[in-house]
Amino acid sequence: REGQAVAAGEVLVTLDSPEVRARLAQAGAAQAAADAQRDLVDVGARPEEILAARAMWNKATAGAELADKTYRRLNALYKEGLVSQQRNDEAQANYTAALETARAARAQYDTALSGARPQEKQAAGAAARQAAGGVAEVDAAVLELVLKSPLAAEVDKIVLHPGELASAGFPILTLVDLTDTWVVFNIREDDFAGIRIGASLDGA
């Protein structure tokens, strides 16, 4: 209120900015996603995922062993002229495919055991830090929406009222520093005699 005494640091005005609120929500969501991705990379695969990868590797290995035995039997029969070349070629192709599947399953299992590569962890950490920086930037903008008194003073004039648009650089209110007061008064020319700098005057 006009004429109200305020202390240094006391909140004078709180501004509302839909744009800043939207940026804050967006930055918070981005940080949450980046932190979750970093944590996921740091923790690595869950025990269930490791067990599943091992089961797939065991299954693929068993399939490759069966395909190997089948190919050896058919190849022996092929050499004796008891099966066609087409059947022999199919068995060989099946064995090769099963062997590659087993190798891929082993690679998946090894990856689950070792977790993410150092480069992936560094990238996830950098993304999390970048997101945190975005939040800090918006937080700084949020702080600028709260205007505090720079000194102990008295509210002199309220220029803008609640609900009005505050443009950049336009005053919202003015303060008076009561520790640095001065007055202006007028003296007639015929009363100038005897007045000098530093003199004390009595006014009636």
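Quick caveat, the model's predicted, so the values are computed rather than measured.

K.L.:
Could you give an account of helix α2 (residues 47–79), with specific residues and numbers?
P.N.:
A rise of 1.5 Å per residue sets the reference length of α2, with its 33 residues, at 48 Å; its end C-alpha atoms lie 48 Å apart and thus fit the reference within 8%. Among the residues of α2, A53, W57, A60, A64, A67, D68, Y71, L74 and N75 are the ones counted as buried. One or two positions beyond α2, positive phi appears at G81, with a value near 80°.

K.L.:
Help me get a handle on the nonpolar core, residues and values and all.
P.N.:
Considering soluble globular proteins, one finds that nonpolar side chains tend to be buried as a cluster. Judged by nonpolar contacts, A53, W57, A60, A64, A67, A98, A102, A105 and Y109 together constitute the single largest core of nine residues. Those elements that provide at least two residues to this core are α2 and α3 (85–114). It is α2 that contributes the most residues to this core, five residues altogether. Excluding anything up to four places from it in sequence, A98 contacts A60, G63, A64 and A67. Ranked by size, the runner-up nonpolar core spans six residues in total, among them V20, V135, A141 and L145.

K.L.:
Go over the pattern of salt bridges, please, and point to the residues and values.
P.N.:
Counting across every chain of the model gives four salt bridges. Among the salt bridges present, the one from D16 reaches R21, with a minimum N-O distance of 3.1 Å. Owing to a relative accessible area of 57%, D16 belongs among the exposed residues under this scheme. Judged by relative accessible area, which is 48%, R21 ranks as partly exposed. Between D190 and R188 there is a salt bridge whose closest N-O contact spans 2.5 Å. A relative accessible area of 51% means that D190 is categorised as exposed.

K.L.:
Residue-level account of a nonpolar patch on the surface, with values.
P.N.:
Taken together, V183, F185, I187, F192, I195 and L201 make up a surface patch of nonpolar side chains, about 590 Å² in accessible area. Structurally, V183 is set in the segment after β5 (173–176). We classify V183 as exposed; its relative accessible area is 69%.

K.L.:
If you had to explain the pairing of strand β4 (residues 153–158) to someone new, which residues and values would you point to?
P.N.:
Of the strand pairs in this sheet, strand β1 (residues 5–6) and β4 are connected by two bridges, and their pairing is antiparallel. Following the sheet pairing, V6 is matched in β4 by A153. Alignment of β4 against β5, held across four bridges, turns out to be antiparallel. Across the sheet, K157 pairs through a bridge with T174, a residue of β5.

Cut-offs used in this document
Residues numbered from 1 in each chain as written. Predicted model: local features only at pLDDT ≥ 70, side-chain atom pairs only at ≥ 80, totals over all residues. Heavy atoms only, no water. Helix = DSSP H or I, 4+ residues; strand = E, 2+ residues; numbered from the N terminus. Expected span 1.5 Å × (residues − 1). Buried < 20%, exposed > 50% of the residue type's maximum accessible area, 1.4 Å probe, protein only. Core = buried A, V, L, I, M, F, W, Y, C linked by side-chain atoms within 4.5 Å. Contact = heavy atoms within 4.5 Å. Salt bridge = Lys/Arg side-chain N within 4 Å of Asp/Glu carboxyl O. Patch = residues over 30% accessible without salt bridge, like charges linked within 9 Å, V, L, I, M, F, W, Y side chains within 5 Å. Areas by Shrake-Rupley, 256 points an atom, 1.4 Å probe, with all protein chains shown as cover. Pairing = 2+ DSSP bridges.

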